[in-house]
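Chain by chain, the residues:
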Amino acid sequence: MRNLQYLASRHRNGVATAHCLGQTPDNPEAAVALALNALSDMGNIVARHCFTQPENLTEDQITAYALALMHLRECASTAGLWRLANACDALAVTVSRLIEDRGSACHEKCEALTRFVMHAKSMIQMSVDYEKQRAQPADTQHHAHVSM
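Summary of the structure given here.

The rules behind the values
- Residues numbered from 1 in each chain as written.
- Predicted model: local features only at pLDDT ≥ 70, side-chain atom pairs only at ≥ 80, totals over all residues.
- Heavy atoms only, no water.
- Helix = DSSP H or I, 4+ residues; strand = E, 2+ residues; numbered from the N terminus.
- Buried < 20%, exposed > 50% of the residue type's maximum accessible area, 1.4 Å probe, protein only.
- Contact = heavy atoms within 4.5 Å.
- Areas by Shrake-Rupley, 256 points an atom, 1.4 Å probe, with all protein chains shown as cover.
- Expected span 1.5 Å × (residues − 1).
- Arc of directions from axis to C-beta.
- Axes fitted to C-alpha atoms, helices over the stretch in contact; angles between N-to-C directions.
- Parallel < 35°, antiparallel > 145°, perpendicular 65-115°, else oblique.
- Left-handed = near helix turned anticlockwise from the far one by under 90°.
- Nonpolar A, V, L, I, M, F, W, Y, C, P; charged D, E, K, R; others polar.
- 1 Å grid on protein atoms, 1.4 Å probe; cavity = no way out; pocket = protein on both sides within 12 Å on 5 of 7 lines; lining within 4 Å.
- Points joined across faces, edges and corners; volume = space filled by probe spheres on them.
- Core = buried A, V, L, I, M, F, W, Y, C linked by side-chain atoms within 4.5 Å.
- Bend = angle between axes of the 7 residues up to and from the residue.

Let us now look at the overall build of the protein chain. Helix and strand content of the protein chain: 6 helices and 0 strands. Starting at the N terminus and walking to the C terminus, you meet the elements of the protein chain as α-α-α-α-α-α. Split into buried and exposed, the 148 residues of the protein chain put 36% on the buried side. Look at the contacts in the protein chain between residues 6 or more apart in sequence, and 70% of them connect residues 24 or more apart. Total accessible area on the protein chain stands at roughly 9000 Å², and carbon and sulfur atoms take up 54% of it.

Let us now look at helix α2 (residues 28-48). Here α2 is 21 residues long and its end C-alpha atoms lie 30 Å apart, about the 30 Å a rise of 1.5 Å per residue gives. Within the span of α2, buried status applies to A31, V32, A35, A38, L39, M42, I45 and V46. The buried side chains of α2 occupy one side of the element, clustering within an arc of 125° when seen end-on. Relative to its buried face, α2 has exposed residues pointing more than 90 degrees away, namely E29, A47 and R48.

Position of D60 among the secondary structure elements: in helix α3 (residues 59-78). For the pair formed by D60 and I99, sequence separation is 39 residues and the distance between their alpha carbons is 9.0 Å.

Running from N to C, α2 and α3 point in directions that differ by 165°, and their axes come no closer than 8 Å. The angle between α2 and α3 places the two elements in the roughly antiparallel class. Relative to α3, the crossing made by α2 is left-handed. For the pair formed by α2 and α3, the contact residues are A31, L34, A35, A38, L39, M42, I45 and V46 on the first element and Q61, A64, Y65, A68, L69, H71, L72, C75, A76 and T78 on the second. Classifying every residue of the contact of α2 with α3 gives 15 nonpolar, 3 polar and no charged.

Moving on: the layout of surface pockets. Each pocket or cavity is described by its volume, and for the largest pocket that value is around 370 Å³. For the largest pocket, the lining is made up of 14 residues, of which P28, V32, S127, V128 and E131 are closest to its centre. Residue assignment for the lining of the largest pocket shows that the elements contributing at least two residues are α2, α4 (82-100) and α5 (107-135). Element by element, the count of residues in the lining of the largest pocket is highest for α5, at 6 residues. Considered class by class, the residues forming the lining of the largest pocket number 8 nonpolar, 2 polar and 4 charged.

Attention shifts here to the nonpolar core. One finds M42, Y65, L72, L84, V95 and F116 to be the most contacted residues of the largest nonpolar core, which totals 36 residues. Mapped by element, the contributors of at least two residues to this core are α2, α3, α4 and α5.

Moving on to α4. Because an α-helix packs 3.6 residues into every turn, residues spaced three or four apart end up facing the same way. In this model, α4 (19 residues) spans 27 Å end to end at C-alpha, consistent with the 27 Å of a helix rising 1.5 Å per residue. The principal kink in α4, of about 25°, is found at A92. Taken residue by residue, α4 has L84, A85, A87, C88, L91, V95, S96, L98 and I99 as its buried positions.

Structure below.
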């Protein structure tokens, strides 16, 4: 747990949050775009590294994933994507265990890390769709519902 706490302290001090700073709820599209970029970075980490072969994972690869997860969590929080931010927090437990004991890496854990990228993208899309629907004037929503 010490390694992840160290990474989190670096993260909290602004090392990994620089890309999300300056994005406020006044510019939600930009904040969501930053979250999608952070998610893309996670996808690249999963694609480049041996997450399909847990026995070949290195501490650096797991740490890179942890940093990307913290960055995604910060961007999700900035964008108001609370469900995604909470999911990042939940996954951080698995990642911290892998950092502490790389020998605990198994196909199920690595698959969960890989699958998270797909689920996170769906969470972002669902939030964006919900906000678009909520932003429609009531009259437009009524006509859309009646025409179905």
